[in-house]
Each structure stands twice: as C-alpha cells, then as structure tokens.
Amino acid sequence: MSEADISIVTLVLNDIKGLKLTIESIQRQIGIVIEHIIVDGGSLDGSQILADQYSDVPVESKFDGGIYQGMQRGASKANAPIIMFVNSGDQIEGEVFLKTALEHLLDSKSKWGFGPILESTSRATLRETNSDGELTVAAISKRKTYIPFPVLLINRNEFELLGGFSFKYRIAGDFDLIVRLAQNSVPTRWNYPIVRFASGGISYTKPIIAWREEHIIRKENLQLTGSAALMSYLIFLKRIVRWEIGKFLDSIQRAGLIGQKHWRDRY
C-alpha cells in the first residue's frame, strides 16, 4: 500500500450489512490513498470476518467498553497525517468529494475542517444539515453552528496533542473533542456533504443522556459558572422541550392529520 493520504477509522458491532455499505463507499473513492482501519467490538454476526478481511491494519476483535474506547484504539493504529471516523452504516458520498475536502483542508493550513452531512432518515428520505454559522467556540459549543462528527477531517498530530477522546462520556465524547478542537484552533469549512449518515444510533435512541453530557462538557471545558452555567442548562432544557414537541407532531403525523409529507422533511 502506498503512503496513505488519510486514515479512516470504522467502528462496528454486529452490523455486517452496514459495514459492507461503509467498505464499498470507501473503495469507490478515486484520486486518494485511504488507510481503512476497522475496529470490531466482538461481533457475532460475521462482522469480525469482514473486518479482518478489509482492514488495512490488523486490529484485534474485542469488547472495548464503549464507543470512544473503540475509536481511540483504531486511532492509535493510524499512520496517515489526517484522520476521520466513519462508523458502520455510514457512507462516504460520491467518489471525489472526500478528495476535494482533503485538498481544501490542506490548502487552508487549518488543523481540522468540516462541512454539511447527508442524513439518511428512518423515513427513507435524505436531509442535508445546515453547517452555516460562526466558527467561534461559543457558537460551536452552543450548537448554533452544527458540526457533524462523521465529516470531520482532523490533523492526526492535533488529535494526539489533545489526547484523543475522553472516556468520561457514553454518547457525547465526539462533541467533547469538537469543543476542545475549537478551543485550540479555528476550523476550515466546505459547503458540500462528504458523508451519508445513517440515523438511528445511540444519540437518537438516548438523546436526553447525550444532551445532558453536552451540558457537562460545556461547563467543564469552558469553565462555566453562575449565569453562564445556567444558560447552558437552559439550552439542555430547550432541546428536551423541542424533542417532546417533535414526538407529539410525529403522533399527529401517524394519525394522518397533517398531510402526507412528513413534517420533519418540510424544513
């Protein structure tokens, strides 16, 4: 294998169908050398065999104790100057968008970068996120500027300098890393999606835990106290209220009371 331009770490646990989609999307890329590192968390459905076959770096199949422990184990095997995390079921979009984004990052001299993401919803629709907004620590930490983790391209030396992932968090460890990256340097940004994200992961099934962790991350990393800490907590409460309203609208949608097109796909 030629010297890799980018290392992509993929975490999988009992998702052979999703892993196949991820592998196929990475193999479609042209004009770029990818080191694909597949970390299997002790699967029993054949994912381990597929991981052994297609991982460019040997990685033992074993239970890591958490998502971020597995990602960190994969990152420790990386050799390329840029690292990316695309987990099982997620797909690199197209054939050249990743190459173009990588060139954008290198030309910008930034240590990390991001863009919008395509979300493959449970309703069999595609939604592109809005990643506009200020590139300040305040905007990023308050989610006013949304940074989807699977599209992040990170300078590996910067990732290691920051200590990689914190294992304190079950669901929002990627947000913790994003906040620490933002505190250390300003990212670059592109305006096209490079990843198609499969919805339905743990951040979807346990959102309140994720949002509570995000509040703790803001408090600790930004050393918030007093009214600033209260404002962070209000952000957490606001997201819960919006989530409850969304569930109510979903029930109305299922009853056929607000039209055929799903309300979530109208905005």
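Our structure is the block above this text.
Residues numbered from 1 in each chain as written. Predicted model: local features only at pLDDT ≥ 70, side-chain atom pairs only at ≥ 80, totals over all residues. Heavy atoms only, no water.

**Focus: the overall build of the chain**
Then step 1. If you tally the helices and strands in the chain, you get 10 helices and 10 strands.
Then step 2. Over its C-alpha atoms the chain spans a radius of gyration of 19 Å, differing by no more than 12% from the 18 Å that the globule rule assigns to 267 residues.
Then step 3. For the chain, the C-alpha atoms occupy an extent of roughly 55 × 45 × 35 Å along the three principal directions.
Then step 4. Taken across its 267 residues, the chain has 48% of its residues classed as buried.
Then step 5. Nonlocal contacts in the chain, meaning residues at least 24 apart in sequence, comprise 73% of its contacts between residues at least 6 apart.
Then step 6. As displayed, the chain offers around 13400 Å² of accessible surface, 53% of which is attributable to carbon and sulfur atoms. (Helix = DSSP H or I, 4+ residues; strand = E, 2+ residues; numbered from the N terminus. Rg over C-alpha atoms; globule rule 2.2 N^0.38 Å. Buried < 20%, exposed > 50% of the residue type's maximum accessible area, 1.4 Å probe, protein only. Contact = heavy atoms within 4.5 Å. Areas by Shrake-Rupley, 256 points an atom, 1.4 Å probe, with all protein chains shown as cover.)

**Let's talk about unusual backbone geometry**
As a rule of thumb, non-glycine residues mostly have phi less than zero, and peptide bonds are mostly trans rather than cis.
Then step 1. Even without being glycine, Asn-14 reaches a positive phi, approximately 50°.
Then step 2. As for its position among the elements, Asn-14 is in the loop between β1 (6-12) and α1 (16-27).
Then step 3. Backbone geometry places Lys-109, a non-glycine residue, at a positive phi of 65°.
Then step 4. Topologically, Lys-109 is positioned in the loop between α4 (97-108) and β5 (112-114).

**A closer look at the side chain of Arg-180**
Then step 1. Along the chain, Arg-180 turns up in helix α7 (residues 173-184).
Then step 2. Among the residues examined, Arg-180 registers a relative accessible area of 15% and is labelled buried.
Then step 3. Here the side chain of Arg-180 touches Gly-164 through a polar contact of 2.6 Å, landing on its backbone oxygen. (Polar contact = N/O pair within 3.5 Å; in protein donor to acceptor, adjacent residues only side chain to side chain.)

**Regarding the pairing of β1**
Then step 1. With seven of seven residues buried, β1 is to be regarded as a mostly interior element.
Then step 2. Of the two faces of β1, both are covered, the one formed by Ile-6, Ile-8, Thr-10 and Val-12 as well as the one formed by Ser-7, Val-9 and Leu-11.
Then step 3. Summarising the sheet, β1 and strand β2 (residues 34-40) pair through seven bridges and their orientation is parallel. Within β2, the residue paired with Ile-6 across the bridge is Ile-34. (Pairing = 2+ DSSP bridges.)

**Describing the packing of helix α9 (residues 207-221) against helix α10 (residues 226-254)**
Then step 1. For the pair α9 and α10, the least separation of the axes is 9 Å and the interaxial angle reads 165°. In terms of their interaxial angle, α9 and α10 are classed as roughly antiparallel. Remark: the crossing between α9 and α10 carries right-handed chirality. Together, Pro-207, Ile-208, Trp-211, Arg-212, Glu-214, His-215, Arg-218 and Lys-219 of α9 and Ala-229, Ser-232, Tyr-233, Ile-235, Phe-236, Arg-239, Ile-240 and Trp-243 of α10 make up the contact between the two elements. (Axes fitted to C-alpha atoms, helices over the stretch in contact; angles between N-to-C directions. Parallel < 35°, antiparallel > 145°, perpendicular 65-115°, else oblique. Left-handed = near helix turned anticlockwise from the far one by under 90°.)

**As for the pattern of salt bridges**
Then step 1. Applying the stated rule across the entire model yields 10 salt bridges.
Then step 2. Residue Lys-99 is joined to Glu-103 by a salt bridge in which the shortest nitrogen-to-oxygen separation is 2.6 Å. Here Glu-103 and Lys-99 lie together in helix α4, a separation of four residues that amounts to about one turn.
Then step 3. For Arg-143, the salt bridge is made with Glu-214, and the minimal N-O distance between the two is 2.9 Å. Residue Arg-143 is located in the loop between α5 (137-141) and β8 (153-155), and its partner Glu-214 is located in helix α9; the two are separated by 71 residues in the primary sequence. (Salt bridge = Lys/Arg side-chain N within 4 Å of Asp/Glu carboxyl O.)

**Let's talk about the packing of aromatic side chains**
Each pair of aromatic rings is reported with the distance of its centres and the angle of its planes.
Then step 1. One pass over the structure, following the stated rule, counts 10 aromatic pairs.
Then step 2. Residues Phe-159 and Phe-165 carry aromatic rings whose centres are separated by 5.5 Å and whose planes lie at 70° to one another, so their mutual orientation is edge-to-face. For the pair Phe-159 and Phe-165, a shared accessibility class is recorded, and that class is buried.
Then step 3. Three or more aromatic residues link up through ring pairs in this structure, and these residues are Tyr-68, Phe-85, Phe-149, Phe-159 and Phe-165.
Then step 4. Over the ring of Trp-243 we find Lys-247, and its NZ or CZ is 4.1 Å from the ring centre. (Phe/Tyr/Trp six-rings, centres within 6.5 Å; stacked < 30°, edge-to-face > 60°. Lys NZ or Arg CZ within 6 Å of the ring centre and 35° of its normal.)

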